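Spelled out, the chains give:
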Protein chains: 2
Amino acid sequence: MADVARAAGVSMATTSRALNDQPGVAPATRERVLEVARQHAYVVSPAASTLSGGATRRIAVVVPHLSRWFFGEVLEGIDATLRGAGYDLMLYRVGEGADRDSFFELLPARRKVDGVLVVGIPASEAEQERLTTMGVQIVAAGGQVAPYPTVSIDDHGAGRQAVNHLVNLGHRRIAMIDAIDPNASHWPVAGRALAFTEAREERDLDPDPELFQRVPWSARHGAEAMAALLALDEPPTAVLAHSDELAIGALHTIRRAGLDTPRDISVVGIDDHPLSEELDLTTVRQDVREQGRLAARMLLDGLAGLDQAPWTVLPTRLVIRGTTGRPRQG
Amino acid sequence: MADVARAAGVSMATTSRALNDQPGVAPATRERVLEVARQHAYVVSPAASTLSGGATRRIAVVVPHLSRWFFGEVLEGIDATLRGAGYDLMLYRVGEGADRDSFFELLPARRKVDGVLVVGIPASEAEQERLTTMGVQIVAAGGQVAPYPTVSIDDHGAGRQAVNHLVNLGHRRIAMIDAIDPNASHWPVAGRALAFTEAREERDLDPDPELFQRVPWSARHGAEAMAALLALDEPPTAVLAHSDELAIGALHTIRRAGLDTPRDISVVGIDDHPLSEELDLTTVRQDVREQGRLAARMLLDGLAGLDQAPWTVLPTRLVIRGTTGRPRQG
């Protein structure tokens, strides 16, 4: 900290106040101190930080969305575990761009939290390195292929369960409605889509590229993608949707077109959204709340110096309801 | 603070650390200090707190649920406004009972936040008084009849819009599926249900008490209530659901029974849930995100010493889609 104070040309007390986000520092001075700290990659040793009273008993939870079922559900699990351990939850909705840069730059420098739980978005290597250098622990939930401890489902396996169900019913002309998320655009691997494209080769499915639709994540886009599939010369006999919300949109298009599931077309989703049971949607169930609980537990274990599992993968299972069946005999 | 230190038999420094939730205090000592502070109704003047560096730039957001659409959506609005103003969001999921008592007792005593935003649950008068005594500002969103500044819709008006739509189509045997929330059981007024019972009298509707179903809040319970209505000697020709999620459950029961909306029965919800458009559900739309934004703005204005509106009521509007129509001619 002395180096930072010297380089910024201010007292140690001012530097400490600026880094700890306390009042009594002019905004321009605060920014200068933070900038110098960033340049110096100001390191706080966790031990020194605890000795100097630096443990905040706060965990930052970083999410790309708040209004989708998945994120609310994972927050329920995280909240229950953190509260049980006497930690407070600081919530950060971080999209792409400036928001995100600002989050990963300023949070650790200001020592606002002891740990970071990243949900549903991958942190880049640079971001991860920054947090590690600052002595801030990081755990991920709901994603995968992260270079830090992670709790997730096997997205590839979930996709495979869904497509296998359709193939085993006798479907060969199968479509997928895949989703892209503009708030997590550099997500490295799309496991569910990969399972679909692999199954097309391995299980001798119709390779027509028009059967693979990729749309922004929403029920409305699911409905539009389904309309595009129904406008093909030969529509698919079955559809795998990236998530239940997309599948619910697709079901509506099917009904609006006067068609029936599963008589005319089968639909399977992934998630087991709370409305899926009422809509009788066949899906692959994941336990999202448990992912939140386990990820929070993993982070607290790390803060306590206990061994952490590097990657916990929760099982998914096919839930067969009323939207899937054998294809109609031509 | 000197009184608290004297009564607890500890130093001022220890008292300060205990109240500010900093380390270096034995758990038993901390509890004793907090207990004494509670007994003394330890008052922090906001001005003194700021002078002594006490402004935390943190806001507590208190919700009874995280995994429901409404609460995620309101959090989106709150988050955007707080982040824009440089405040951090501390999230507390608080149900009934011990959780809740602990929240309202400990949070202000520990000076963790500058203000509290209560979403979708009423704070009791005792709880509100406690926060006020501690110098913590409080604002409510998504509720009403609160004794502090509040942003909400007019629940009674929304219910009236929904039931009027059914009456104006010619329905007279109208049912309501009302929802109770175990996490907010002492909610004082059920505006939507009140609008329904008033309309029954004023607009000459069938007063059969079996047409009023009250169930726990979920799509599944909406489906079950609808089944109970279909099992009456004379089922209703139209149903008003307390929320879209209950309406979606009801729609599924109707479809499963081989009936059709609106030919056999009309259904109207309240909310405009993101899936409602895809399910073609007639509903009364509320702007939930805007309620979050305005409530956060109101709280920040209060902290800045600006005038606050005591109660902001956002408009709702009927969105007519495919699940409502004229009753079948006998």
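- Chain A carries the name LacI family DNA-binding transcriptional regulator in an unreviewed UniProt entry, which gives Nocardioides islandensis as its organism.

**Overview of the sheet that holds strand 11 (residues 311–314) of chain A**
Part 1 of the reasoning: Taking strand neighbours across the sheet as the criterion, the 12 strands line up as 11(A)-5(A)-4(A)-3(A)-1(A)-2(A)-2(B)-1(B)-3(B)-4(B)-5(B)-11(B) in an open arrangement whose pairing is mixed. The open sheet is flanked by strand 11 of chain A together with strand 11 (311–314) of chain B, the only strands paired with a single partner. Each adjacent strand pair in this sheet contributes to an overall mean axis angle of 20°, direction not counted.
Part 2 of the reasoning: Taken together, the five bridges between strand 3 (residues 115–119) of chain A and strand 4 (residues 137–141) of chain A define a ladder with parallel strand orientation. Bridge pairing links Gly115 of chain A to Gln137 of chain A in strand 4 of chain A.
Part 3 of the reasoning: Against the sheet, helix 13 (residues 288–303) of chain A contacts strand 1 (58–63), strand 3, strand 4, strand 5 (150–153) and strand 11 of chain A, and its axis sits at roughly 165° relative to strand 4 of chain A.

**As for the interface of chain A and chain B**
Part 1 of the reasoning: Counting from both sides, the interface comprises 38 residues of chain A and, opposite them, 38 residues of chain B.
Part 2 of the reasoning: Carbon and sulfur atoms make up 52% of the area that chain A and chain B hide from each other, which totals about 3,500 Å².
Part 3 of the reasoning: Ionic pairing is found between Glu76 of chain A and Arg93 of chain B, a salt bridge with its closest N-O pair at 2.5 Å.
Part 4 of the reasoning: There are 17 residue pairs in polar contact (both at pLDDT 80 or more) connecting chain A and chain B.
Part 5 of the reasoning: For the side of chain A that touches chain B, the secondary structure elements donating two or more residues are helix 5 (69–84), strand 2 (88–93), helix 10 (219–230), helix 11 (244–256) and helix 12 (276–279) of chain A.
Part 6 of the reasoning: Across the side of chain A that touches chain B, the residue classes break down as 14 nonpolar, seven polar and 17 charged.
Part 7 of the reasoning: Of the pairings in the sheet, the one linking strand 2 of chain A to strand 2 (residues 88–93) of chain B comprises three bridges and is antiparallel in character. Opposite Leu91 of chain A, over in strand 2 of chain B, you have Leu89 of chain B as the bridge partner.

**Side note on the nonpolar core**
Part 1 of the reasoning: Ranked by internal contacts, the top residues of the largest apolar core, which has 50 residues, are Leu117 and Val119 of chain A together with Val61, Leu91, Leu117 and Val119 of chain B.
Part 2 of the reasoning: Excluding residues that lie within four positions of it along the chain, Val119 of chain A makes contacts with Val61, Val62, Val63, Pro64, Phe70, Phe71, Val74, Ile78 and Ala141 of chain A.
Part 3 of the reasoning: Counting residues in hydrophobic clusters, the runner-up holds 48 residues, among them Ala250 and Ile265 of chain A together with Val215 and Ala247 of chain B.

**Points about unusual backbone geometry**
Part 1 of the reasoning: A cis geometry characterises the amide bond from Thr261 of chain A onward to Pro262 of chain A, with omega recorded as 0°.
Part 2 of the reasoning: Structurally, Pro262 of chain A can be placed in the loop between helix 11 and strand 9 (266–271).
Part 3 of the reasoning: With a phi angle near 145°, Asp271 of chain A is a residue other than glycine that sits in the positive phi range.
Part 4 of the reasoning: The topology assignment puts Asp271 of chain A in strand 9.
Part 5 of the reasoning: Of note, the phi angle at Arg57 of chain B is positive, near 55°, even though the residue is not glycine.
Part 6 of the reasoning: On the secondary structure map, Arg57 of chain B appears in the loop between helix 4 (46–51) and strand 1 (58–63).
Part 7 of the reasoning: Using a relative accessible area of 34% as the deciding quantity, one classes Arg57 of chain B as partly exposed.

Reading guide: rules and limits
- Residues numbered from 1 in each chain as written.
- Chains lettered and ligands numbered in written order.
- Predicted model: local features only at pLDDT ≥ 70, side-chain atom pairs only at ≥ 80, totals over all residues.
- Heavy atoms only, no water.
- Pairing = 2+ DSSP bridges.
- Helix = DSSP H or I, 4+ residues; strand = E, 2+ residues; numbered from the N terminus.
- Axes fitted to C-alpha atoms, helices over the stretch in contact; angles between N-to-C directions.
- Contact = heavy atoms within 4.5 Å.
- Buried area = accessible area lost by both parts, 1.4 Å probe.
- Salt bridge = Lys/Arg side-chain N within 4 Å of Asp/Glu carboxyl O.
- Polar contact = N/O pair within 3.5 Å; in protein donor to acceptor, adjacent residues only side chain to side chain.
- Nonpolar A, V, L, I, M, F, W, Y, C, P; charged D, E, K, R; others polar.
- Core = buried A, V, L, I, M, F, W, Y, C linked by side-chain atoms within 4.5 Å.
- Buried < 20%, exposed > 50% of the residue type's maximum accessible area, 1.4 Å probe, protein only.

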